[in-house]
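# Remarks on the overall topology
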Amino acid sequence: MIEDVIVDCPSCGEAMALSVDTTAGAEQSYVQDCPVCCRPMEVYVQCRPGTVLSVSVSAE
Ligand SMILES: [Zn+2]
């Protein structure tokens, strides 16, 4: 199950949508490049299938 969440880029502040696979694990972290400023950010997601519980991003 894919859920979209909105986060703000820690580098440039632009909002963007992340697609989270909520069945891929209760805790997920990965690095994603901002589509606006192209800087990498670390994304940390807590979820359960069908629901995103929390998401946080930090600059790499
Ligand atoms: Zn950015």
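Residues numbered from 1 in each chain as written. Predicted model: local features only at pLDDT ≥ 70, side-chain atom pairs only at ≥ 80, totals over all residues. Heavy atoms only, no water.

### With respect to the coordination of the zinc ion
Taken together, the protein donors to the zinc ion comprise Cys9 (SG), Cys12 (SG), Cys34 (SG) and Cys37 (SG), at separations of 2.3 Å. Here the zinc ion is ringed by four donor atoms whose angles at the metal span 104 to 117°, and the overall shape comes out tetrahedral. For the zinc ion, the donor residues sit on a single chain with the sequence spacing C-x2-C-x21-C-x2-C. Pair noted here: Cys12 is in the loop between strand E1 (2-8) and strand E2 (15-21) and Cys37 is in the loop between strand E3 (27-33) and strand E4 (40-48), with a separation of 25 residues, a long-range link. (Donors = N, O, S within 2.8 Å, 3.2 Å for Na, K, Ca; no water. Tetrahedral: all angles 85-135°; square planar, octahedral: opposite > 155°, others 65-115°. Helix = DSSP H or I, 4+ residues; strand = E, 2+ residues; numbered from the N terminus.)

### Some remarks on the pairing of E4
Covered by surrounding structure in E4 are Met41, Val43, Val45 and Cys47 only, the residues Pro40, Glu42, Tyr44, Gln46 and Arg48 on the alternate face being uncovered. Of the strand pairs in this sheet, E3 and E4 are connected by seven bridges, and their pairing is antiparallel. Considered in E4, the bridge of Glu27 is made with Gln46. Taking the residues that link successive antiparallel strands as the turn, the E3-E4 hairpin has six residues, and the phi of Cys38 there is positive, at about 65°. Bridging between E4 and strand E5 (residues 51-59) involves eight bridges; their strand directions are antiparallel. Across the sheet, Arg48 pairs through a bridge with Thr51, a residue of E5. (Buried < 20%, exposed > 50% of the residue type's maximum accessible area, 1.4 Å probe, protein only. Pairing = 2+ DSSP bridges.)

### Examining the sheet that holds E4
As a general point, the strands of a sheet are linked pairwise by backbone hydrogen bonds and lie either parallel or antiparallel. Across the sheet, which stays open at both edges, the three strands sit in the order E3-E4-E5 with antiparallel pairing between neighbours. Every interior strand has two partners, whereas the edge strands, E3 and E5, have only one. Here the strands of the sheet are splayed against their neighbours by 25° on average, with no regard to which way each runs. (Axes fitted to C-alpha atoms, helices over the stretch in contact; angles between N-to-C directions.)

### A word on the nonpolar core
Within the largest apolar cluster, eleven residues are counted, these being Val5, Val7, Cys9, Met16, Leu18, Val20, Cys34, Met41, Val43, Val45 and Cys47. Every element with two or more residues in this core is listed here: E1, E2 and E4. Here this core takes four residues from E4, the largest share from any one element. Contacts of Cys47, omitting those with residues within four sequence positions, involve Thr22, Gly25, Ala26, Gln28, Val52 and Leu53. (Core = buried A, V, L, I, M, F, W, Y, C linked by side-chain atoms within 4.5 Å. Contact = heavy atoms within 4.5 Å.)

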